[in-house]
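# Fold and geometry: a report
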Amino acid sequence: QVQLAESGGGSVQAGGSLRLSCAASGSTFSSYVMGWFRQAPGTEREFVARISQGGGLSDIADSVKGRFTISRDNAKNIVYLQMNSLKLEDTAVYYCAATARTGYYTWAYQSSLKYDYWGQGTQVTVSS
């Protein structure tokens, strides 16, 4: 069991930047693949990014590639989502997720069903 808590959300102008943080509990944080998902009103939760246990591998959704970066600090039990060049369509509640699943390239990481633990979410609102 791991507990996750997101922070860093807020309101920002289009073209601006924001960094989200997800703090995890426990002594085995480095054993989890971590992911970020988002959900806008009236839509299903969609994949944003994931990062391997050691932080050496990552996957970014095409919709945010080149603008968002995922990273982690295992010494601090924190995973980050750096969001640059924000667009109106980035407005959503952003969720941190974790899974102990192994074999980084062998599972459908874009599916929320592959993650076992979730934070409560943090709101990101982008305005023009």
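The structure this text deals with has already been given above.
Computed from a prediction, not measured in an experiment: that's the story for all the values here. Each residue is numbered by its place in its chain's sequence as written, counting from 1. It should be noted that, the model being predicted, local features are given only for residues of pLDDT at least 70 and side-chain atom pairs only at 80 or more, the latter also being counted only at that level, while totals for whole chains, interfaces and linings use all residues. The basis for the side-chain values is all heavy atoms of the structure; hydrogens and waters are excluded.

### Some words on the state of the cysteines
To count as a disulfide, a pair of cysteine sulfur atoms needs to be within 2.5 Å. Scanning the entire structure with this criterion turns up one disulfide. Paired through a disulfide, Cys-22 and Cys-96 show a sulfur-sulfur distance of 2.1 Å. In this structure the cystine formed by Cys-22 and Cys-96 twists about its S-S bond by roughly -80°; its chirality is therefore left-handed. Pair noted here: Cys-22 is in strand 3 (residues 18–24) and Cys-96 is in strand 9 (residues 92–99), with a separation of 74 residues, a long-range link. Residue burial is assigned from relative accessible area. The probe radius is 1.4 Å, only protein chains are included, and a residue is buried under 20% of its type maximum, exposed over 50%, and partly exposed in between. Among the residues examined, Cys-96 registers a relative accessible area of 0% and is labelled buried. Secondary structure elements are taken from DSSP: a helix is a run of H or I of four residues or more, a strand is a run of E of two residues or more, and numbering for both begins at the N terminus.

### Brief notes about the side chain of Asp-90
Mapped onto the elements of the fold, Asp-90 is located in the loop between strand 8 (78–83) and strand 9. In protein, a polar contact requires one atom able to donate a hydrogen and another able to accept it; more generally it is a pair of N or O atoms within 3.5 Å, and residues adjacent in sequence count only if both atoms are side-chain atoms. Polar side-chain contacts of Asp-90 include one of 2.9 Å to the side chain of Arg-38. Apart from the residues within four sequence positions on either side, Asp-90 is in contact with Arg-38, Val-64, Arg-67, Phe-68, Ser-85, Val-124 and Val-126. Only heavy atoms matter for contacts: two residues are in contact if any of them lie within 4.5 Å across the pair.

### Topic: the environment of Ala-92
You can see Ala-92 is positioned in strand 9. Residue Ala-92 is classed as buried on the basis of its relative accessible area, which comes to 3%. Between the C-alpha atoms of Ala-92 and Gly-9, which are 83 residues apart in sequence, the distance is 9.9 Å. Aside from chain neighbours lying at most four places away, what touches Ala-92 is Arg-38, Gln-39, Ala-40, Thr-122, Gln-123 and Val-124.

### Quick notes on the nonpolar core
For the purposes of this section, nonpolar cores are sets of buried Ala, Val, Leu, Ile, Met, Phe, Trp, Tyr and Cys residues that join through side-chain atoms within 4.5 Å. Ranked by size, the top nonpolar core spans 37 residues in total, and within it Met-34, Trp-36, Val-79, Leu-81, Met-83 and Tyr-94 carry the most contacts. Broken down by secondary-structure element, the contributors of at least two residues to this core are strand 3, strand 4 (33–39), strand 5 (46–51), strand 7 (68–73), strand 8, strand 9 and strand 11 (122–127). Residue contributions to this core peak at five residues, all from strand 9. Each residue touching Tyr-94, except ones within four places of it in the same chain, is listed here: Glu-6, Leu-20, Trp-36, Phe-37, Arg-38, Val-48, Phe-68, Leu-81, Met-83, Gly-121, Thr-122 and Val-124.

### Some remarks on the sheet that holds strand 3
One bridge is not enough; two strands pair if DSSP finds at least two bridges between them. Strands sit in the order 1-3-8-7 across an open sheet of four strands; the sheet is antiparallel. With partners counted over all chains shown, the strands left at the sheet margins are strand 1 (4–7) and strand 7, one partner each. Here the average twist between neighbouring strands, direction ignored, is 15°. Sheet topology note: the strand 1/strand 3 ladder contains four bridges and is antiparallel. Bridged to Glu-6 within strand 3 is Cys-22. Interaxial angle, 0 to 180 degrees, is taken between N-to-C directions of lines fitted to C-alpha atoms, where a helix line uses only the stretch in contact.

### Some remarks on the pattern of salt bridges
Salt bridges are defined by distance alone: a side-chain nitrogen of Lys or Arg within 4 Å of a carboxyl oxygen of Asp or Glu. One pass over the structure, following the stated rule, counts five salt bridges. The salt bridge involving Lys-65 is made with Asp-62; its shortest N-O contact spans 3.2 Å. With respect to burial, Lys-65 and Asp-62 carry one shared label: exposed.

### Topic: the pairing of strand 9
Of all the eight residues making up strand 9, seven are buried; the element is thus mostly covered by neighbouring parts of the structure. As paired elements, strand 9 and strand 11 share three bridges and run antiparallel to each other. Counterpart to Ala-92 in the pairing with strand 11 is Val-124. Strand direction decides the pairing type here: strand 9 and strand 10 (residues 117–118), joined by two bridges, are antiparallel. Residue pairing across strands places Ala-97 opposite Trp-118, the latter belonging to strand 10.

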